[in-house]
Amino acid sequence: MDDSKLAAMLLLQLPDVGAATYWRLLKTFETAQAAIAQSPTVLQPHLSATAIEQLTDYQQGSWHSELGQKLQRDVDWLQANDISVIANGEDNYPSLLAEIHLPPPLLYLRGNSECLHLPQLAVVGSRKPTAQGCEIAYDFSRYLTRTGFTITSGLALGIDGIAHKAAVDADGTTVAVLGTGIDIVYPRRHASLATDIVQHGGALVSEFPLGTEALAMNFPRRNRIISGLSLGVLVVEAALKSGSLISARFAAQQNREVFAVPGSISSPLSRGCHNLLREGATLVEQAQDIVEQLKGMLSYKYREVIDRLPGKADDKGLSTSSEVMTDILENLDQSELSDQELSVLKNIDGNPKTVDALVMDSGMDVAMIMSSLVVLELMGLVAQTSTGYQRLK
């Protein structure tokens, strides 16, 4: 692990240092390494007395200090348990999350980091849903998974857990964002579900240092990540004071789509969704409503995946992603094609044409041709033969 990431981990372990304080320090000192090297006097306007005391002890004793020893234990545990640490600014940090206000400086991740780049749809709702709410959450999540979305939620009881389970059952990927350290699964009864998520190519994600317990104040921070990773948030059953509404409001602030399932006017678990609808959320009665609204972004995000992972669709549990891409792209029409893809398609007719011939005819380079051919083939517009690519439609 490089020094800049270690410095960020150390800084975020100090008392009362979260994303807001971290980014304020970087605005002043530019790097985490520079921040932890400052004198107590310089840091006094930025950190609490306890944080300064701990940092001063580290400056004097380095790895022999209490903070240094804690950091070393954490690094050893992360390596022993195959946990990735992704820093904001790195290529593998999810681009949508990087756009939000005060994004997590670090993400601790167990599982497949590449699934963070797949198009995600957050599904959230009541911890004590009705039988109908459970059925809606499961059916919607399963359909959305099979249509191309990675389901993202918070691993909580109720709707969250049902959404994750539906994605796993559909052989898709799902991301669970934790309100604890990555070393703690909360609630404990979802330990086996967490294992299933990872084994099916999904991931557990947290911004919190190791050992962070399930504290109420941490869950709104967790919720901003759920919405920040996603193209939209679907709320299935929520009371007026539900934490799910926090996720929905973060989504609105982050310019994400907000979807709500209406319910009975006599049910307290419908009031949160009805309030969101009054505030401008999109009413959905079937999962197809969401796909219709987001299919353009879904296609766009999958093209990003294709560009990002050439020839790697079957790596790290992503074997289903190629099937998912086929499902969504086959449902798109040619109006969804980029100019580059249209240009390649126009140069293919009923007779097989080699890649070299397409390069010569189109004037594009091989990489552009190949990325376009992947999309066109998945959409069922062209097929590869032994002598080249042939147009089907």
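Residues numbered from 1 in each chain as written. Predicted model: local features only at pLDDT ≥ 70, side-chain atom pairs only at ≥ 80, totals over all residues. Heavy atoms only, no water.

Now, about the sheet that holds strand β6 (residues 203-206): what can you tell me, with residues and values included?
An order of β1-β2-β6-β5-β4-β3-β7-β8-β9 is seen for the nine strands of this open sheet, with the pairing classed as mixed. One side of each edge strand has no neighbouring strand; the edge strands of this open sheet are β1 (84-87) and β9 (282-283). In the sheet, β1 pairs with strand β2 (residues 106-111) via four bridges, with the strands oriented antiparallel. Following the sheet pairing, Val-85 is matched in β2 by Tyr-108. Docked against the sheet, helix α8 (residues 131-147) engages β3 (120-125), β4 (150-153) and β7 (232-236), running at close to 155° with respect to β7. Sheet contacts for helix α10 (residues 191-199): β2, β5 (174-177) and β6; angle to β6, the most-contacted strand, approximately 110°. (Pairing = 2+ DSSP bridges. Helix = DSSP H or I, 4+ residues; strand = E, 2+ residues; numbered from the N terminus. Contact = heavy atoms within 4.5 Å. Axes fitted to C-alpha atoms, helices over the stretch in contact; angles between N-to-C directions.)

Break down helix α13 (residues 268-278) for me, citing the residues and quoting the values.
Taken together, the buried positions of α13 are occupied by Leu-269, Ser-270, Gly-272, Cys-273, His-274, Asn-275 and Leu-276. Close packing links the buried residues of α13 with β7, α12 (243-253) and β8 (257-260). A positive phi of about 115° marks Gly-280, the residue just after α13. (Buried < 20%, exposed > 50% of the residue type's maximum accessible area, 1.4 Å probe, protein only.)

Mind laying out helix α6 (residues 66-80), listing which residues take part and the relevant values?
The first and last C-alpha atoms of α6 sit 21 Å apart over 15 residues, in line with the 21 Å expected at 1.5 Å per residue. Of all the residues in α6, the buried ones are Leu-67, Gly-68, Leu-71, Asp-74, Val-75 and Leu-78. Along α6, the residues classed as buried sweep out an arc of 120° about the axis, all on the same side. In α6, the exposed positions angled more than 90 degrees off the buried face are occupied by Glu-66, Arg-73 and Ala-80. (Expected span 1.5 Å × (residues − 1). Arc of directions from axis to C-beta.)

Run through the packing of aromatic side chains, naming residues and quoting values.
Counted according to the given criterion, the structure contains two aromatic pairs. Geometrically, the ring pair formed by Tyr-22 and Trp-23 is edge-to-face, given 5.1 Å between the ring centres and 90° between the ring planes. When the centroid spacing of 6.1 Å and the interplanar angle of 45° are considered together, the rings of Tyr-186 and Phe-219 count as tilted. Residue Tyr-186 is located in the loop between β5 and α10, and its partner Phe-219 is located in helix α11 (residues 219-229); the two are separated by 33 residues in the primary sequence. (Phe/Tyr/Trp six-rings, centres within 6.5 Å; stacked < 30°, edge-to-face > 60°.)

Please give an account of the pairing of β5 that cites residues and values.
Burial along β5 is two-sided: the residues Thr-174 and Ala-176 and Val-175 and Val-177 are all buried. Summarising the sheet, β4 and β5 pair through three bridges and their orientation is parallel. Directly across from Ile-151, in β5, lies its bridge partner Thr-174. For the crossover from β4 across helix α9 (residues 159-169) to β5, the handedness is right-handed. The pairing of β5 with β6 spans three bridges and is parallel. Within β6, the position partnered with Ala-176 by the bridge is Leu-204. Each parallel crossover has a hand, and the one from β5 via α10 to β6 is right-handed. (Right-handed = clockwise from strand over helix to strand, strands pointing away.)

Which residues make up the pattern of salt bridges, and what are the values?
Scanning the entire structure with this criterion turns up eight salt bridges. We note a salt bridge from Glu-207 to Arg-221, for which the minimum N-O separation is 3.6 Å. Of this pair, Glu-207 sits in the loop between β6 and α11 while Arg-221 sits in helix α11; the two residues are 14 residues apart in sequence, bridging distant segments of the chain. Members of the salt-bridge network, linked through shared partners, are Glu-207, Arg-221 and Arg-224. (Salt bridge = Lys/Arg side-chain N within 4 Å of Asp/Glu carboxyl O.)

An account of the packing of α8 against α9 is requested, with residue identities and associated values reported.
Their axes nearest at 8 Å, the elements α8 and α9 cross at an angle of 40°. Comparing the axis directions of α8 and α9 gives the class oblique. Crossing geometry of α8 relative to α9 is assigned as right-handed. The segment α8 lies against α9, with Gly-133, Cys-134, Ala-137, Tyr-138, Ser-141, Arg-142 and Thr-145 engaging Ile-159, Ile-162, Ala-163, Lys-165, Ala-166, Ala-167 and Asp-169. For the contact of α8 with α9, the per-class residue count stands at eight nonpolar, three polar and three charged. (Parallel < 35°, antiparallel > 145°, perpendicular 65-115°, else oblique. Left-handed = near helix turned anticlockwise from the far one by under 90°. Nonpolar A, V, L, I, M, F, W, Y, C, P; charged D, E, K, R; others polar.)

Now, about unusual backbone geometry: what can you tell me, with residues and values included?
With omega at 0°, the peptide bond leading from Tyr-186 into Pro-187 counts as cis. Within the element layout of this structure, Pro-187 appears in the loop between β5 and α10. Phi at Asp-16 takes a positive value of approximately 65°, unusual for a residue other than glycine. Turning to its location among the elements, Asp-16 is positioned in the loop between α1 (3-13) and α2 (19-29). In this structure, Ser-62 takes a positive phi of about 50° despite not being glycine. Position of Ser-62 among the secondary structure elements: in the loop between α5 (49-61) and α6. The exposure class assigned to Ser-62 is partly exposed, which follows from its relative accessible area of 29%.

Mind laying out the packing of α1 against α6, listing which residues take part and the relevant values?
Running from amino to carboxyl end, α1 crosses α6 at an angle of 120°, the nearest separation of the two axes being 10 Å. In terms of axis orientation, α1 runs oblique to α6. Between α1 and α6 lies a crossing whose hand is right-handed. Contact residues: α1 offers Leu-6, Met-9, Leu-10 and Gln-13, while α6 offers Leu-67, Lys-70, Leu-71, Asp-74, Val-75 and Leu-78.

Got a sec to walk through the nonpolar core? Specific residues and values, please.
Ranked by size, the top nonpolar core spans 42 residues in total, and within it Leu-11, Leu-14, Leu-47, Leu-55, Leu-106, Tyr-108 and Leu-155 carry the most contacts. Broken down by secondary-structure element, the contributors of at least two residues to this core are α1, α2, α3 (32-36), α5, α6, β1, β2 and α10. In terms of residue count, the dominant contributor to this core is α1 (seven residues). Aside from chain neighbours lying at most four places away, what touches Tyr-108 is Met-9, Leu-78, Ile-83, Ser-84, Val-85, Ile-182, Leu-204, Val-205, Ser-206, Glu-207, Phe-208 and Pro-209. (Core = buried A, V, L, I, M, F, W, Y, C linked by side-chain atoms within 4.5 Å.)

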